[in-house]
Amino acid sequence: MKRIVFILSAVCFNVLLLAAQPKKGGSQGSDIDKKVDDLIAKMTLEEKVGQMTEVTSDVVSTTTNGAHQIDAAKIKEAILKYHVGSILNVSGQAYTREHWYEVVSAIQAEAAKDRLKIPVIYGIDAIHGVTYTAGSTLFPHEIAIAATFNRDIAYKAGEITAYETRASYIPWNYSPVLDLGKSPLWPRIYETFGEDPYLIKTMGTSIIKGYQGNDVGDKYHVAACMKHYLGYGYPVSGKDRTPAWIPDRYMREYFLPPFIEAVKAGARTIMINSGEINGVPIHGSKYMLTDVLRGELHFDGIAVSDWRDIEYLHDRHHIAATQKEAVMIAVNAGIDMSMVPYEYSFYNYLIELVREGKVSMARVNEAVHRILKVKYQLGLFERPVGNPNDYPKFGSDEFRQVSVQAATEAITLLKNNNNILPLKKNIKVLVTGPTANTMRSLDGGWSYNWQGDQADKFAADKNTILEAIQQKIGKGNVSYEPGATFDSLKNVNDAVKAAKNADVIVLCLGELSYTENVGNIDDLNLPWAQTQLAMELAKTGKPVILVLAEGRPRIVTQAESQSAATVMTYLAGNEGGDALASILFGDANPSGRLPVTYPKYPNSLNNYYRKNLENGNSDDSHSYNPLYEFGFGLSYTSFGYSNLHLSKPNLKENETLTVTVDVKNTGTVEGKESVLLYTSQMYASIAPDTKRLRAYDKINLKPGESKTVTFKITAKDLAFVNDISKTVTEAGEFKIQIGDQTQSFNFISNTVPSRTGRL
């Protein structure tokens, strides 16, 4: 089959071939490697292939009248007949911790009956807290965590999620999502850290360190899973799991860096992109899965397929004439574990393929070594289940307060005409709109069940936006009329009538929960019913506070034009309602910034780091005219920037440029400010991006207080991928921008000529 071609020099290619030779992982000859080798030497082919097989919980469960339990006959078949190495998912909805204990204990008890007593590794999508355990701490989704521009919050969210995942007796978390959130149409935007590679890789490494800690094998940490390698988030159609066309240079410049950093951070596992790029399904690309992932990135952990994706090499992508051939292609390409997930065909086909010599025993041993090594690293051989009494902080107020902080720092104030916000607490408020009184629009998908449509049941003790406002200023000061569902008007006349008796309208628009392909849409515009509700309410003359609770930036231009203030909540999690109410009424100062470019029109979707077309024959006003730019966000106070200083006018290779800037709170309210450093290269061999985020920090300032913020820039930070797919830093002039401050410097290279813009 054809493969994605990355242009490399002959020398580089030879180096990659050497690097891509089978490895046993991290430290050759380590104690764990020796244990794994000894165990593999005792294993039959069937036992090895079983370790590479992952099935969903439904395969080993029975649910009767809503009551779920592990089925004794089914789990016996899975473990003792097929030697299954991994199980994932839930059946239907979230479990209690007590039920999780029963489930995992039953599975591991059966594993202890197998000949070699190899424990099962259980995996779950705990992507914004332990999403499938009742009573857990649910955080804002990744897109909102990114909006905080606060690495510490990402780390703490990861650490608490790991604690509560282990408290659910699960050691493997399918998170974080490191996909580039470039296309607003894509339904998984909210699972990403946004559109900027630097923001993704720094937030991603922070949450991975929170998940895995200093010892992934202790009882409070879990194995992270980077996903979805590679290029999953930029399908041409914007629809989930549809083809992408991504040039080799573009892939390396924007999509690969978050995974490079995540591997360096020690992520133990990786999940593969369900789609295809340039016609090549990634599950069948030996170049991507072996030469690049293993050879260049030196990743030595488990590469697991996504849901049924090996089957789809035959059913969807049509590169395999049979399901058996699909297994051969995927395993030879570099897949270590197949998320089958419903039956045992993978197991049977792979055994046949090894016996026929179409998949080597060496390739199987390599995969099994990686799987067993992670199981040893997680401590599963010594502690396959865990002690229920070791997790007294599960669902605690201490953990909840971190989620409150995350939601508060994420919520982004986009407009505040005449400083209408914060609102006074003694006014009459109409709360209306389809997202006002449901937890689904705060929690989003992956909340208690796959689509998040049971959030109102499981988070009944949490406050919707309406309930939080009622609690903040008293029910007597708050009226409520839905006005519209997500896509149709509902008692709009009652909402207009109620508005006449209110001082201000809090209009909550956006989306209900969805996940993956269920969230595919054909129109990025907000459904017309919601826009019509906004227009009717605006006619009352009462000020409208527009609250956007959504997983992706829907086009709201017409409705937004009628608002006095606009607030973006993203999917702020269980504490999002309370966080929003605190901001609306001045108990908290907003500090979030957009981690994506918010488009004004559905046909103008460029990211902030677009190519600069302002000069020349192209009309940039029609290619880049967002409603709000990446990094934008207002505060109830004001900040002044001054004294941007560079430590030297010229930066040379192997040197560091120190950048300092003074930031002062020039307003009357204490607040947090995200200080963003961008660089722009004036001329390069590849048309340079307008600007790129290279560093950021978040500081807290009291009124009148100043702080000096310091950044370090090296030649590596200025690098880009050139037209032959090499990462280079070219000599020439660069500009640094922080706030309204700019300074220029020159990079002087001993190896790469400067670019002056002249032939």
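Here the residue index of a chain counts from 1 through its sequence in written order. Reporting of local features is limited, given that this is a predicted model, to residues whose pLDDT is at least 70; pairs of side-chain atoms are given and counted only at 80 or more, and all residues count toward the totals for whole chains, interfaces and linings. Hydrogens are left out, water is left out, and the side-chain values use all remaining heavy atoms of the structure.

1. Considerations on the overall build of the chain
Point 1. The way it works is that DSSP assigns letters per residue, a run of H or I at least four long becomes a helix, a run of E at least two long becomes a strand, and they are numbered from the N terminus. Regarding its fold elements, the chain presents 23 helices and 28 strands.
Point 2. Compactness check: the chain gives a C-alpha radius of gyration of 26 Å against a globular reference of 27 Å for 759 residues, within 12% of the reference.
Point 3. Seen through its C-alpha atoms, the chain measures out along the principal axes to roughly 75 × 75 × 45 Å.
Point 4. Here the chain holds 759 residues, and 63% of them are scored as buried.
Point 5. Note on contacts: a residue pair is in contact if any heavy atoms of the two residues lie within 4.5 Å. By sequence separation, contacts in the chain at least 24 residues apart represent 78% of the contacts at least 6 residues apart.
Point 6. When the accessible area of the chain is evaluated, it comes to approximately 27,700 Å², of which 49% is carbon and sulfur surface.
Point 7. Here the chain contributes 80 positively and 84 negatively charged side chains, and the mean placements of these two sets differ by 2 Å. Our radius of gyration is a C-alpha quantity, and the globule rule it is checked against amounts to 2.2 Å times the number of residues to the power 0.38. A 1.4 Å probe rolled over the protein chains alone gives each residue an accessible area, and that area as a share of the maximum for its type sets the label: buried under 20%, exposed over 50%, partly exposed in between. All accessible-area figures derive from a Shrake-Rupley calculation using a 1.4 Å probe, and residue coverage is judged against the displayed protein chains alone. The charge count includes Lys and Arg as positive and Asp and Glu as negative, but it does not include His or the ends of the chains. Every charge is mapped onto a representative atom, which is NZ of Lys, CZ of Arg, CG of Asp or CD of Glu.

2. Re the packing of aromatic side chains
Point 1. Here a pair means two rings of Phe, Tyr or Trp (six-membered ring of Trp) with centres within 6.5 Å. Their orientation is stacked below 30 degrees between planes, edge-to-face above 60, and tilted elsewhere. For the structure on display, the rule yields 28 aromatic pairs.
Point 2. Aromatic side chains W186 and Y232 sit 5.2 Å apart centroid to centroid with 90° between the ring planes, which places their arrangement in the edge-to-face category. Of this pair, W186 sits in the loop between strand 6 (172-173) and helix 8 (197-212) while Y232 sits in the loop between strand 7 (225-229) and helix 9 (248-255), and the two are 46 residues apart along the sequence.
Point 3. Judged by its relative accessible area of 0%, W186 is buried.
Point 4. Overall, Y232 belongs to the buried group, its relative accessible area being 4%.
Point 5. Taking 5.8 Å as the distance between ring centres and 70° as the angle between the ring planes, the aromatic pair formed by Y608 and Y678 counts as edge-to-face. Of this pair, Y608 sits in the loop between helix 23 (576-584) and strand 19 (639-646) while Y678 sits in strand 22 (residues 671-681), and the two are 70 residues apart along the sequence. For the pair Y608 and Y678, a shared accessibility class is recorded, and that class is buried.
Point 6. The ring centre of Y312 lies 3.9 Å from the NZ or CZ of R316, which sits over that ring.
Point 7. One residue, R692, lies across the ring of Y609, its end atom 5.6 Å from the ring centre. Criterion for a charge above a ring: Arg CZ or Lys NZ at most 6 Å from the ring centre, at most 35 degrees from the ring normal.

3. Looking at helix 21 (residues 528-538)
Point 1. Three or more residues of helix 21 are buried, namely A529, Q530, T531, L533, A534, L537 and A538.
Point 2. Where helix 21 is buried, its residues contact strand 14 (429-432), helix 20 (492-499), strand 16 (504-510), strand 17 (544-549) and helix 22 (557-560).

4. Some points on the side chain of N625
Point 1. Structurally, N625 can be placed in the loop between helix 23 and strand 19.
Point 2. Pairs of N or O atoms are called polar contacts if they sit within 3.5 Å, as long as, within protein, a hydrogen donor faces a hydrogen acceptor (for residues adjacent in sequence, only side-chain-to-side-chain pairs). Here the side chain of N625 touches S604 through a polar contact of 2.7 Å, side chain to side chain.
Point 3. Residue contacts for N625: discarding those within four places in its chain leaves K600, Y601 and S604.

5. Some remarks on unusual backbone geometry
Point 1. In the segment running from K227 into H228, the intervening peptide bond is cis, with an omega of 5°.
Point 2. Relative to the elements of secondary structure, H228 occurs in strand 7.
Point 3. Each neighbour pair has its own omega, and for V340 with P341 the value is -5°, a cis peptide bond.
Point 4. Note on placement: P341 falls in the loop between strand 12 (338-339) and helix 14 (345-355).
Point 5. A positive phi angle is found at F149, which is not glycine, with a value near 50°.

6. Examining the side chain of H99
Point 1. Checked against the element boundaries, H99 lands in helix 5 (residues 97-111).
Point 2. Looking at H99, its side chain comes within polar contact range of the side chain of H68, at 2.8 Å.
Point 3. Not counting chain neighbours up to four residues away, the residues in contact with H99 comprise H68 and Q69.

7. Here we look at empty space enclosed by the protein
Point 1. Lining residues are defined by having an atom within 4 Å of a point belonging to a cavity or pocket. Those points lie on a 1 Å grid over the protein atoms alone, cavities being sets where a 1.4 Å probe fits but cannot get out and pockets being open sets with protein on both sides within 12 Å along at least five of seven lines. Grid points are joined across faces, edges and corners, and a volume is the space filled by probe spheres set on the points. Applying the stated rule across the entire model yields seven cavities of 30 Å³ or more.
Point 2. Counting residues per element, the ones that place at least two in the lining of the largest cavity are helix 9, strand 22 and strand 23 (692-701).
Point 3. When its residues are assigned to classes, the lining of the largest cavity shows eight nonpolar, four polar and seven charged. For this classification, the nonpolar set comprises Ala, Val, Leu, Ile, Met, Phe, Trp, Tyr, Cys and Pro, the charged set comprises Asp, Glu, Lys and Arg, and every other residue, Gly included, is treated as polar.

8. A word on the nonpolar core
Point 1. Here, nonpolar core refers to any group of buried Ala, Val, Leu, Ile, Met, Phe, Trp, Tyr and Cys residues whose side-chain atoms link them within 4.5 Å. In this structure, W100, M226, Y229, V659, L693 and I738 are the most contacted members of the largest nonpolar core, which totals 190 residues.
Point 2. If near-sequence neighbours (up to four positions away) are discounted, L693 is found in contact with F149, D196, Y198, L199, Y608, F630, L676, L677 and Y678.
Point 3. Membership of the second largest hydrophobic core comes to 39 residues, among which are A468, I469, L580 and A581.

9. With respect to helix 10 (residues 257-264)
Quick reminder: α-helices carry 3.6 residues per turn. Residues three or four places apart thus point the same way.
Point 1. Three or more residues of helix 10 are buried, namely P257, P258, F259, A262 and V263.
Point 2. On its buried face, helix 10 is in contact with helix 8, strand 7, helix 9 and strand 8 (269-272).
Point 3. Downstream of helix 10 by one or two residues, G266 has phi in the positive range, about 95°.

10. Some remarks on the pairing of strand 5 (residues 121-124)
Point 1. Burial along strand 5 is two-sided: I121 and G123 and Y122 and I124, pointing in opposite directions, are all buried.
Point 2. In this structure, strand 4 (residues 86-88) lies alongside strand 5, joined through three bridges in parallel fashion. Each bridged residue has a counterpart across the sheet, and for S86 the counterpart in strand 5 is I121.
Point 3. In the classification by handedness, the crossover that spans strand 4, the intervening helix 5 and the parallel strand 5 is right-handed.
Point 4. Looking at chain direction, strand 5 and strand 6 are connected through two bridges and run parallel. Within strand 6, the residue paired with I124 across the bridge is N173. Strand pairing is assigned whenever DSSP detects at least two bridges linking the two strands. Handedness of a crossover is defined as follows: with both strands directed away from the viewer, a clockwise route from the first strand across the helix to the second makes it right-handed.

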